[in-house]
Amino acid sequence: MPLPKAELHLHIEGTLEPELAFALAARNGVTLPYKDTEELRRAYLFQDLQSFLDLYYGLMAVLHTEDDFADLADAYLARAAEQGVRHAEIFFDPQAHTSRGVPLGTVVEGLARALDAGEERYGVSTRLIMCFLRDESAESAMETLQAAQPYLHRITGVGLDSAEAGHPPSKFREVYEAAAALGLRKVAHAGEEGPSAYIREALDILGVERIDHGLRCMEDPDLVARLARERIPLTLCPLSNVRLRAVDVLAEHPLPRMMAEGLLCTVNSDDPAYFGGYVGDNFRAVHEALGLGEEQLRELARNSFVASFLEDDEERRGRLLTEVEAYEFEAAGAE
Ligand code: HPA
Ligand code: ZN
């Protein structure tokens with residue numbers, strides 16, 4: 001049995017495996033610019049964040065109907081549950097769909113249907129976090145927030161993703177103020193490709209409660225001290241960082257140093273179909289490449305529930321934390 005954990009940094013569109021992409025393409029009469037799944041997989045050699053995003057947005061052309069989004073989310077939950085995920089806070093990118101003529105309601109209703117069924121079927125509780133594309137305008141983000149009003153009972157929070165450099169958090173101040181006024185929780189990607197100053201902006205200008213990635217805080221010792229003191233969770237994605245070249249090789253990932261600094265680190269998969277593994281694979285990878293031992297893996301699992309937005313179900317959080325403390329690692333001691 002794998003270590004129980006929460007996944008807090010997961011783009012549902014990034015769980016689109018090549019096999020499902022081709023199946024949905026056939027169902028919807030979409031022609032993909034790849035001969036087969038093998039050829040598509042061979043395209044997963046990214047130079048940086050942008051080269052990944054080009055493929056990620058391109059492949060979304062196969063997602064059209066509520067059923068498509070439901071199938072996508074169901075496939076994720078099945079894989080995640082196998083790797084010990086008991087709670088998932090799932091990002092989605094409304095603008096990447098509405099810009100293709102897919103209504104926001106289709107996206108949310110399809111995802112929500114699978115998540116509701118999945119809670120029963122897989123024992124995974126879920127929340128949805130709606131992300132704004134930071135390389136689109138602040139006006140477009142505000143329109144997206146307005147369009148989401150009929151679905152707010154399904155949406156727990158807002159996030160900020162896509163191409164980071166040149167698109168500072170401050171660009172979205174008003175949108176985040178409006179989101180908070182609607183009772184939404186706030187997170188943002190910061191310090192993946194962008195500088196540590198973007199992490200400060202996300203905290204001070206947007207008022208976020210968690211930082212997604214946050215890797216580059218390590219260039220700023222005062223910021224590290226603050227993040228540790230204020231117990232701001234960081235949702236790290238080690239395999240993603242290697243594939244998008246935020247770090248050269250996994251063995252050089254700063255996760256062990258970050259934990260030693262007292263940062264509240266979590267480990268997540270980001271876009272598992274593209275980056276070589278789901279969250280359990282990320283846990284195994286940091287165990288093998290970084291030498292994190294059982295108590296450090298337990299700390300990461302504990303942190304994932306502490307950092308989750310389970311305030312509306314403290315009983316479940318407490319139960320899951322108890323499971324983490326009681327977990328007995330097998331001889332292999334990985335995920
Ligand atoms: N970074 C920024 N935007 C994204 C990512 C990421 O890793 N994945 C999907 N959208
Ligand atoms: Zn991400």
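Anything mentioned here points back to the structure above.
Residues numbered from 1 in each chain as written. Chains lettered and ligands numbered in written order. Predicted model: local features only at pLDDT ≥ 70, side-chain atom pairs only at ≥ 80, totals over all residues. Heavy atoms only, no water.

1. Here we look at the site of ligand 1
(1) Moving on: His-11, Leu-49, Phe-52, Leu-53, Tyr-56, Asp-161, Ser-162, His-189, Glu-192, His-213, Asp-270 and Asp-271 make up every residue found near ligand 1.
(2) Moving on: Asp-270 is positioned such that a nitrogen or oxygen atom in its side chain is 2.8 Å from an oxygen atom of ligand 1.
(3) Moving on: Note that a nitrogen atom of ligand 1 is positioned 2.7 Å from one of the side-chain N or O atoms of Asp-271.
(4) Moving on: Taken by itself ligand 1 offers 260 Å² of open surface, and the protein chains cover 100% of this.
(5) Moving on: In this structure, ligand 1 is accommodated by the largest cavity.
(6) Moving on: Sorting elements by how many residues they give to the shell around ligand 1 places helix 3 (residues 49-59) first, with four residues.
(7) Moving on: Classifying every residue of the shell around ligand 1 by side-chain character gives four nonpolar, four polar and four charged. (Near = heavy atom within 4 Å. Polar contact = N/O pair within 3.5 Å; in protein donor to acceptor, adjacent residues only side chain to side chain. Areas by Shrake-Rupley, 256 points an atom, 1.4 Å probe, with all protein chains shown as cover. 1 Å grid on protein atoms, 1.4 Å probe; cavity = no way out; pocket = protein on both sides within 12 Å on 5 of 7 lines; lining within 4 Å. Sits in = over half its atoms within 2 Å of the grid points. Helix = DSSP H or I, 4+ residues; strand = E, 2+ residues; numbered from the N terminus. Nonpolar A, V, L, I, M, F, W, Y, C, P; charged D, E, K, R; others polar.)

2. A short note on unusual backbone geometry
Note: most peptide bonds trans; most residues except glycine with negative phi.
(1) Moving on: Look at Arg-231: it is not a glycine, yet its phi comes out positive at around 55 degrees.
(2) Moving on: By the element assignment, Arg-231 lies in the loop between helix 10 (221-229) and strand 7 (233-236).
(3) Moving on: Assessed through its relative accessible area of 46%, Arg-231 is described here as partly exposed. (Buried < 20%, exposed > 50% of the residue type's maximum accessible area, 1.4 Å probe, protein only.)

3. Quick look at the nonpolar core
(1) Moving on: With 107 residues, the main nonpolar core has Tyr-76, Phe-92, Leu-255 and Tyr-274 as its most contacted residues.
(2) Moving on: Residues contacting Phe-92, with those up to four places away along its chain left out, are Ile-12, Glu-13, Leu-104, Val-107, Val-108, Leu-111, Leu-128, Ile-129, Met-130, Cys-131 and Ile-155.
(3) Moving on: Counting residues in each nonpolar core, the second largest holds five residues, with Phe-91, Ile-129, Cys-131 and Val-187 among its members. (Core = buried A, V, L, I, M, F, W, Y, C linked by side-chain atoms within 4.5 Å. Contact = heavy atoms within 4.5 Å.)

4. Some remarks on the pattern of salt bridges
Opposite charge on two side chains lets them pair, provided their charged atoms get close.
(1) Moving on: By the definition in use, this model includes 25 salt bridges.
(2) Moving on: Between Glu-230 and Arg-226 there is a salt bridge, with the nearest N and O atoms lying 3.2 Å from each other.
(3) Moving on: Judged by its relative accessible area of 39%, Glu-230 is partly exposed.
(4) Moving on: Because the salt bridges share partners, they merge into one network encompassing Arg-185, Glu-209, Glu-311, Glu-314 and Arg-317. (Salt bridge = Lys/Arg side-chain N within 4 Å of Asp/Glu carboxyl O.)

5. Focus on the coordination of the zinc ion (ligand 2)
(1) Moving on: Protein-derived coordination of the zinc ion (ligand 2) comes from His-9 (NE2), His-11 (NE2), His-189 (NE2) and Asp-270 (OD), at a distance range of 2.1 to 2.2 Å.
(2) Moving on: Angles of 82 to 173 degrees at the metal separate the four donor atoms of the zinc ion (ligand 2), which places the site in the irregular class.
(3) Moving on: Look at where the donors of the zinc ion (ligand 2) fall in the sequence and you get H-x1-H-x177-H-x80-D. Linking His-9 in strand 1 (residues 5-11) with Asp-270 in the loop between strand 8 (264-267) and helix 13 (272-275), this pair joins segments that are 261 residues apart in sequence. The pair formed by His-9 and Asp-270 is uniform in burial state, with each residue classed as buried. (Donors = N, O, S within 2.8 Å, 3.2 Å for Na, K, Ca; no water. Tetrahedral: all angles 85-135°; square planar, octahedral: opposite > 155°, others 65-115°.)

6. Let's talk about the packing of helix 7 (residues 138-147) against helix 8 (residues 173-181)
(1) Moving on: Where helix 7 contacts helix 8, the two axes come as close as 9 Å, and the packing angle between them is 15 degrees. Judged by the angle between their axes, helix 7 and helix 8 are roughly parallel. The interaxial crossing formed by helix 7 with helix 8 has left-handed handedness. Contact residues: helix 7 offers Ala-138, Ala-141, Met-142 and Leu-145, while helix 8 offers Glu-174, Val-175, Ala-178 and Ala-179.
(2) Moving on: When the residues that make up the contact of helix 7 with helix 8 are grouped by side-chain class, the tally is seven nonpolar, no polar and one charged. (Axes fitted to C-alpha atoms, helices over the stretch in contact; angles between N-to-C directions. Parallel < 35°, antiparallel > 145°, perpendicular 65-115°, else oblique. Left-handed = near helix turned anticlockwise from the far one by under 90°.)

7. Topic: the layout of surface pockets
(1) Moving on: In this model, the largest pocket occupies a volume close to 160 Å³.
(2) Moving on: Every residue along the wall of the largest pocket is listed here: Leu-115, Asp-116, Glu-119, Thr-126, Arg-127, Leu-128, Leu-152, His-153, Arg-154, Ile-155 and Thr-156.
(3) Moving on: Taken together, the elements giving at least two residues each to the lining of the largest pocket come down to helix 6 (104-122) and strand 3 (125-133).
(4) Moving on: Classifying every residue of the lining of the largest pocket by side-chain character gives four nonpolar, three polar and four charged. (Points joined across faces, edges and corners; volume = space filled by probe spheres on them.)

8. Remarks on helix 1 (residues 18-28)
(1) Moving on: Turning to helix 1, its buried residues are Pro-18, Leu-20, Ala-21, Leu-24 and Ala-25. For helix 1, the arc enclosing every buried residue in end-on projection is 160 degrees, short of the 170-degree limit, so these residues lie on one face.
(2) Moving on: Considering only its buried residues, helix 1 is in contact with helix 2 (37-42), helix 3 and helix 4 (66-82).
(3) Moving on: Positive backbone phi, approximately 65 degrees, marks Gly-29, located one or two places after helix 1. (Arc of directions from axis to C-beta.)

9. Focus on the packing of aromatic side chains
(1) Moving on: Counted according to the given criterion, the structure contains 11 aromatic pairs.
(2) Moving on: Aromatic pair Tyr-56 and Tyr-274: ring centres 6.2 Å apart, planes at 70 degrees, arrangement edge-to-face. You can see Tyr-56 sitting in helix 3 and its partner Tyr-274 sitting in helix 13, a full 218 residues away along the chain.
(3) Moving on: A relative accessible area of 2% places Tyr-56 in the buried class.
(4) Moving on: Members of the aromatic cluster, connected to one another through ring pairs, are Tyr-44, Phe-46, Phe-52, Tyr-56, Tyr-57, Tyr-274 and Phe-275.
(5) Moving on: The ring centre of Phe-283 lies 4.9 Å from the NZ or CZ of Lys-5, which sits over that ring. (Phe/Tyr/Trp six-rings, centres within 6.5 Å; stacked < 30°, edge-to-face > 60°. Lys NZ or Arg CZ within 6 Å of the ring centre and 35° of its normal.)

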